[in-house]
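Fold and geometry: a report
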Amino acid sequence: MSTHDIASLLAGNRLFVAEQLAADPRYFEHLAEGQQPDFLWIGCSDSRVSPNLITGTGPGEMFVHRNIANLVVQTDMNLLSVLQYAVEVLQVDHVIVCGHHGCGGVRAAMGSHSHGLLDNWLRAVKDTELHHAIELEGLDETARLRRLVELNVIEQVDNLGKTHIVQQAWRQRARPYIHGWVFDVATGCIDPVTSMINGNAAMHEVCRFQRAGRRATAAKEAR
Ligand code: CO
């Protein structure tokens, strides 16, 4: 896919510098003064989902955390550190969890092949698939993958809202809003899959939705 070798990345960097300076000779001076991003982006590591590029933002506008399948895992010290810094120090007003259609991580979680260590990481996606088994079973493979990508984002939004960091920020300043989005690699478009959430009342809507899925699963298991 890539037409770049390693040397061309450095050449590309120099071109970037030249272009920025041509547009604004003080661009890097301003950038060096510090960052005040309004957004924290939690997205997939997939090379096609470049947060700044697909949202028309530039350096300094978005604090970013990425991992495979854009998961919010309560014991992930990396994610929690990024979240705490973004919410408490940078005081971002928005946290976006953005999944994407065609996600290899979600597809791997749906399958039965072993991927070694990665299986442990993707376990959370398998749990989401199980919670929504009845809804997902009625879909063909393509639709099932698309729906699981959406459900996975909703689940991560729920996980995010339950963190101590977000709960405390909501009590103190009713921010950040948290958002669940899905990017479609095939069209380039982003669509929200949750409303804007900045408190437990809105969170309950997400949780209620999830519990409905879990109840259906439990009922099925009891049969
Ligand atoms: Co992905």
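Residues numbered from 1 in each chain as written. Predicted model: local features only at pLDDT ≥ 70, side-chain atom pairs only at ≥ 80, totals over all residues. Heavy atoms only, no water.

With respect to the coordination of the cobalt ion
Heads up, the condition is: A donor here means any N, O or S atom no more than 2.8 Å from the metal (3.2 Å for Na, K and Ca); water is not included, so a site may seem to lack partners. For helices the rule is a DSSP run of H or I covering at least 4 residues; for strands it is a run of E covering at least 2, with both sets numbered from the N terminus onward. Whether a residue is buried, partly exposed or exposed follows from its accessible area with a 1.4 Å probe, protein chains only, as a fraction of its type maximum: under 20%, in between, or over 50%, in that order.
Surrounding the cobalt ion are the protein donor atoms Cys 44 (SG), His 100 (NE2) and Cys 103 (SG), which sit 2.0 to 2.3 Å from the metal. Each donor residue of the cobalt ion lies on one chain, and together they are spaced C-x55-H-x2-C. Linking Cys 44 in strand β1 (residues 39–44) with His 100 in strand β3 (residues 94–101), this pair joins segments that are 56 residues apart in sequence. When its relative accessible area of 5% is taken as the criterion, Cys 44 is described as buried. Note on His 100: relative accessible area 1%, which makes it buried.

Some thoughts on the domain arrangement of the protein chain
Going by this rule: An automatic or database domain assignment supplies the residue ranges for each domain.
Parsing the protein chain into structural domains produces domain 1 (1–33) and domain 2 (35–222). With centres defined by C-alpha atoms, the gap from domain 1 to domain 2 works out at 31 Å.

Overview of the environment of Arg 66
What counts here: Should any heavy atoms of two residues lie within 4.5 Å, those residues are counted as being in contact. Contacts described as polar in this section are N or O atom pairs within 3.5 Å, which, within protein, must combine one atom able to donate a hydrogen with one able to accept it, while residues neighboring in sequence count only if both atoms come from side chains.
Structurally, Arg 66 is set in strand β2 (residues 62–67). For Arg 66, a relative accessible area of 30% translates into the label partly exposed. For the pair Arg 66 and His 4, spaced 62 residues apart in the sequence, the C-alpha separation amounts to 23 Å. Non-local contacts of Arg 66, meaning those with residues more than four positions away in its chain, are made with Gly 43, Cys 44, Ser 45, Asp 46, Val 49, Ser 50 and Pro 51. Among the polar contacts listed, one links the side chain of Arg 66 to the backbone oxygen of Cys 44, at a separation of 2.8 Å.

Quick notes on the nonpolar core
As a rule of thumb, soluble globular proteins bury nonpolar side chains together. Counted only if it meets this: Only buried Ala, Val, Leu, Ile, Met, Phe, Trp, Tyr and Cys residues count toward a nonpolar core, and they belong to the same one when joined by side-chain atoms within 4.5 Å.
Judged by nonpolar contacts, the single largest core of 42 residues is most densely connected at Leu 40, Ile 42, Val 95, Val 106, Val 125, Leu 160 and Ile 178. Only β1, α4 (77–89), β3, α5 (104–110), α9 (141–161), α10 (164–173), β4 (177–184) and α11 (200–222) provide two or more residues apiece to this core. Core analysis: the second largest hydrophobic core is formed by six residues, Trp 41, Val 49, Met 62 and Ile 96 among them.

So, the sheet that holds strand β5 (residues 190–192)
Which entries qualify depends on this criterion: DSSP-based pairing: two strands are paired if at least 2 bridges between them are found. In this description, a line fitted to the C-alpha atoms serves as the axis of each element, helices being fitted only across the stretch in contact, and the angle between N-to-C directions of two axes falls anywhere from 0 to 180 degrees.
In space, the five strands of this open sheet follow the order β2-β1-β3-β4-β5, with mixed pairing throughout. The outermost strands of the open sheet, each flanked by one partner alone, are β2 and β5. The sheet shows a mean angle of 25 degrees between the axes of neighbouring strands, direction not considered. Against the sheet, α4 makes contact with β1, β2 and β3, and its axis sits at roughly 165 degrees relative to β2, the strand it touches most.

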